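# Results of the structural survey
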Amino acid sequence: MTFSITRRRLLTGSAASLAALSLSGCDDVAQNSNVQSVLEMAERLTMRGQRLLVSKDTLASEFSEPDISPVFKPNGSTAPDSEDYARMMETGFADWRLKIDGLVERPVVLSLTDLKRLPSRTQITRHDCVEGWSAIGKWTGTPLGPLLQSAGLKPGARYVVFHCADELEQTMDGSGTYYESIDLIDAFHPQTILAYEMNGKDLEVAHGAPLLLRVERHLGYKHAKYLMRIEITHSFAGLWGGKGGFWEDRGYEWYAGI
Ligand SMILES: Nc1nc2c(c(=O)[nH]1)N[C@H]1C(S)=C(S)[C@@H](COP(=O)(O)O)O[C@H]1N2
Ligand SMILES: [Mo]
């Protein structure tokens, strides 16, 4: 696929999604956004997006239904070990909320129902774990880019940090909490979605319920499960180990491109 087609698809896709976002009746988004300023922000972002996307538009391979792996191994945390999470799980995540804050004009709070009302994308892709296994799965979720556009990025925004519900390593200070980060190029990539379904069903707890990041051109550990909060930042230097992710703080590469 050529750059211009991909770029146009992304940009028109974003505009369409943005319109749908404004019309979706999604309470929190609607409350937080003044349509005019959202559109102005979108325009500025489009320019910025074009600059950022040059030569960064490659799509990860997508597969078809028969390619889906019959077994997809859960890895890392398979259930966050907190009372809050257990409580949310019992009620089918009715009380769970995703927060989007940091360097945004309009912080957003979304329920799972809100997220499911937003425009969605389904993709069948291969997940590659550094531990040496791969599996193909089908994910459905809402593209991250339009959501960030609706929140409105402030000047200085550079990274998207994903805060998760699980502590993969038990520590006294919380530094074992799973987190990840990507730059705006990956955040606005058309295959970067916040996924709530896997293989046609609600995401299972072992695979990150209720919400997971799919960032298809990266290795497995970038795909943060159990999302609670998305924070837009200028830098991740001051956060936990300062390397931008749980595994990055333990020596893995921040840019885990495949
Ligand atoms: N919150 C959280 N996200 C995570 C992990 C984790 O332990 N906690 N493990 C990562 C790793 S190394 C991989 S390979 C995938 C595993 O996803 P799966 O459980 O759906 O196979 O999740 C990634 N995201
Ligand atoms: Mo992994």
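Cut-off values and rules
- Residues numbered from 1 in each chain as written.
- Chains lettered and ligands numbered in written order.
- Predicted model: local features only at pLDDT ≥ 70, side-chain atom pairs only at ≥ 80, totals over all residues.
- Heavy atoms only, no water.
- Near = heavy atom within 4 Å.
- Polar contact = N/O pair within 3.5 Å; in protein donor to acceptor, adjacent residues only side chain to side chain.
- Areas by Shrake-Rupley, 256 points an atom, 1.4 Å probe, with all protein chains shown as cover.
- Nonpolar A, V, L, I, M, F, W, Y, C, P; charged D, E, K, R; others polar.
- Phe/Tyr/Trp six-rings, centres within 6.5 Å; stacked < 30°, edge-to-face > 60°.
- Helix = DSSP H or I, 4+ residues; strand = E, 2+ residues; numbered from the N terminus.
- Buried < 20%, exposed > 50% of the residue type's maximum accessible area, 1.4 Å probe, protein only.
- Lys NZ or Arg CZ within 6 Å of the ring centre and 35° of its normal.
- Salt bridge = Lys/Arg side-chain N within 4 Å of Asp/Glu carboxyl O.
- Pairing = 2+ DSSP bridges.
- Axes fitted to C-alpha atoms, helices over the stretch in contact; angles between N-to-C directions.
- Contact = heavy atoms within 4.5 Å.

### Overview of the site of ligand 1
- Residues in contact with ligand 1 amount to 21 residues; listed here are only the nearest, K73, D166, H207, H223 and K225.
- Within the side chain of H207, an N or O atom sits 2.7 Å from an oxygen atom of ligand 1.
- Considering ligand 1 on its own, with 540 Å² of exposed area, one finds that the protein chains cover 97% of that surface.
- Within the shell around ligand 1, the residues separate by chemical class into 11 nonpolar, seven polar and three charged.

### Thoughts on the packing of aromatic side chains
- Tallying each qualifying case throughout the model produces 12 aromatic pairs.
- Summarising the aromatic geometry, the rings of Y221 and Y252 are spaced 4.9 Å apart at their centres and angled 70° between planes, so their arrangement reads as edge-to-face. Note that Y221 is positioned in the loop between β9 (212-214) and β10 (227-233) and Y252 in the segment after β10, a separation of 31 residues in sequence.
- Classification of Y252 by relative accessible area gives partly exposed; the value is 30%.
- Ring pairs connect the aromatic residues Y178, Y221, F246, W247 and Y252, which therefore count as one cluster.
- Residue placement shows R214 over the ring face of W139; its charged tip is 3.6 Å from the ring centre.
- Sitting above the plane of the F246 ring, R250 keeps its charged end 3.6 Å from the centroid.

### Thoughts on helix α6 (residues 144-151)
- α6 sits mainly inside the fold: eight of its eight residues count as buried.
- Immediately downstream of α6, the backbone of G152 shows phi near 80°, a positive value.

### A look at the pattern of salt bridges
- All chains considered together, the criterion is met by 14 salt bridges.
- As a salt-bridge pair, K138 and E65 come within 2.8 Å of each other at their nearest N and O atoms. In this pair, K138 sits in strand β4 (residues 134-143) while E65 sits in the loop between α3 (35-53) and α4 (83-90), placing the two residues 73 residues apart along the sequence.
- Overall, the relative accessible area of 47% leaves E65 in the partly exposed class.
- In this structure, K222 and E248 form a salt bridge, with 3.0 Å as the shortest nitrogen-oxygen distance. Of the two residues, K222 is situated in the loop between β9 and β10 and E248 in the segment after β10; the sequence distance between them amounts to 26 residues. The same class applies to K222 and to E248, which are both buried.

### Section: the sheet that holds strand β5 (residues 159-167)
- If you trace the five strands from one edge of the open sheet to the other, you get β2-β1-β10-β5-β6, paired in mixed fashion. Since the sheet does not close on itself, it has two edges, and those belong to β2 (108-110) and β6 (177-183), each with one partner. Across this sheet, the average inter-strand angle for adjacent strands is 15°, counted without regard to direction.
- With six bridges joining them, β5 and β10 adopt antiparallel strand pairing. Considered in β10, the bridge of C164 is made with L227.
- Packing of α6 onto the sheet brings it into contact with β1 (98-102), β2, β5, β6 and β10, and relative to β5 it is tilted by some 110°.

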